[in-house]
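# An overview of the molecular structure
Residue-level listing of the chains:
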Amino acid sequence: MGVDLRQVVAGILTITMFVMLGQMLHRDYFDAVQVQGDAHDIVFHGSKVALEEDGLVRASEGPWMEDSHQLKPCWSISQPDEELSSKGYVTFSLTNGPEYHISQITDAVMVAKHLGATLVLPDIRGSKPGDEMNFEDIYDVDKLVKSLESVVKVVKKLPSHVSLRDIAIVKVPTRVAEDYIKEHIDPIFKSKGNIRVTTYFPSVNLRKSSLDAETDPVSCLAMFGSLELQPGVSDLVESMIQRLKTHSKNSGGRFIAIDLRVEILEKKNCRETGASGSKTCYNAQEIALFLRKLGFGSDTTIYLTQPRWESSLNILKDIFPKTFTKESIMPADKKSKYLELENSEYENVIDFYISSRSDVFVPAIPGLFYANTVGKRIALGKPQVLVPAEISGSSGLSTDYISPYISKKNHLAYSCFC
């Protein structure tokens, strides 16, 4: 039986059409997935994570927000007509990390200014006895002196004729005001001639109050315009930020910083709930779920303030493989100085300034680190601070979780910037 050549050709054409149609359908399907996203319900199984499809939803590169314009200082301080005179000296130390340093230097400058005293450059003290550093080990001395030159005179050390026995120790509440200084501190200063200021914290929130309607410009200058990292530390922070950006090419160089420290999460006050029954701290698993439900993809780059990697963080890395602590992104030649010494001050400073510069900041822990990081971010025009919460549904909008400091504009920084 002969074969009709036309039938063979027709058959080949028919098969080719089916193949082409199949390829078109396959491409359309994956294009749709790519456009519509890969949202999943997340199911935790021990330390492993299973991602289950719940249908196609529209996705993007993630719920990133653009930075707003950088705000300008609202305060204005005129140059004095004559050189500042001094009636005595105010000494103090910076302690407990950069989030406290900002408040401590602000209070010391306020006290020195309103007493007409000379400010002595502080030392830096860590949490362990004998853990001391010079101011210039972390901060820029010239920047501090120049920024404050119209407000107070700053000297590097006490004159030799001033005895430590002649210095009265005075405790002041953070955000100390001129009226408090005149009533409670001035009499002691007039009696002793020199004082040592230590700041205590009745509260760690930095919300504006009715008393902050006209914030003292000296306070604004000291809080936001006096402290800068010295060049070596600044360059290190910048290099680490650039490494994080390099890992974030698929999201335009954007990354998230999360203040999550296992040691603090294990403390009693972190395991308790707030007055409304809400959680106050969030662990790695809860943060992972929070970010995933907001739509951040698995390719998102994350920086953790946790000093060293711990197994309890594995759940976060399972979902977001590009999760790093400082030890994995710090240049190798810097580790002996900044990581391997038993001094956490360098590490705290690195965490604070990376968190201030990240595209998104997530505070898994409440406190002054969160409050002062938000203040720096407001000044830099970086409003995306997402406060964790338990999202009941399968997804949420990131704008619903913006820090009240920013959404309500009730942070003290809004009294200093406009």
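The rules behind the values
Sequence order as written defines the numbering, with residues in each chain counted from 1. In view of the model being predicted, local features appear only for residues whose pLDDT reaches at least 70, and side-chain atom pairs are presented and counted only at 80 or more, with totals across whole chains, interfaces and linings using the full set of residues. Side-chain calculation: all heavy atoms of the structure are included, whereas hydrogens and water are not. Salt bridges are counted wherever a side-chain nitrogen of Lys or Arg sits within 4 Å of a carboxyl oxygen of Asp or Glu. Relative accessibility decides the category of a residue: with a 1.4 Å probe and only protein chains considered, values under 20% of the type maximum give buried, values over 50% give exposed, and everything between is partly exposed. Each helix corresponds to a stretch of at least 4 residues labelled H or I by DSSP, and each strand to a stretch of at least 2 residues labelled E; elements are numbered beginning at the N terminus. Being paired, for any two strands, means DSSP has found at least two bridges between them. Any two residues whose heavy atoms approach within 4.5 Å at even a single point are treated as in contact. Only the stretch in contact is used when a helix axis is fitted, and all axes are lines through C-alpha atoms; the angle between N-to-C directions ranges over 0 to 180 degrees. For the handedness criterion, the strands are oriented away from the viewer, and a crossover whose path from the first strand over the helix to the second runs clockwise is classed as right-handed.

An unreviewed UniProt entry lists the protein under the name O-fucosyltransferase family protein, with Brassica carinata as the source organism.

## Here's the deal with the pattern of salt bridges
Counting across every chain of the model gives 14 salt bridges. The shortest N-O distance in the salt bridge between Glu 286 and Lys 279 comes to 3.3 Å. Residue class for Lys 279 comes out partly exposed when judged on its relative accessible area of 29%. With its nearest N and O atoms 4.0 Å apart, the salt bridge here joins Glu 347 to Lys 326. Taken together, the residues Glu 347 in helix α13 (residues 344-357) and Lys 326 in helix α11 (residues 326-329) connect sequence positions 21 residues apart. A network of salt bridges, in which partner residues are shared, links Arg 308, Lys 326, Glu 347 and Asp 351.

## So, the sheet that holds strand β7 (residues 132-133)
Strand order in the open sheet made by the three strands is β4-β6-β7, with mixed pairing throughout. The open sheet has two edge strands with one neighbour each: β4 (93-95) and β7. Across two bridges, the pairing between strand β6 (residues 123-125) and β7 is antiparallel. Residue pairing in the sheet places Ile 124 in a bridge with Met 133 of β7. Against the sheet, helix α2 (residues 98-115) touches β4 and β6, its axis set at about 155 degrees to β4.

## What about the pairing of strand β12 (residues 301-304)?
Burial along β12 is two-sided: the face carrying Thr 301 and Tyr 303 and the face carrying Ile 302 and Leu 304 are both buried. As paired elements, strand β11 (residues 255-259) and β12 share four bridges and run parallel to each other. Each bridged residue has a counterpart across the sheet, and for Ile 258 the counterpart in β12 is Leu 304. One crossover worth recording links β12 to the parallel strand β13 (residues 323-324) by way of helix α10 (residues 314-319), and it is right-handed.

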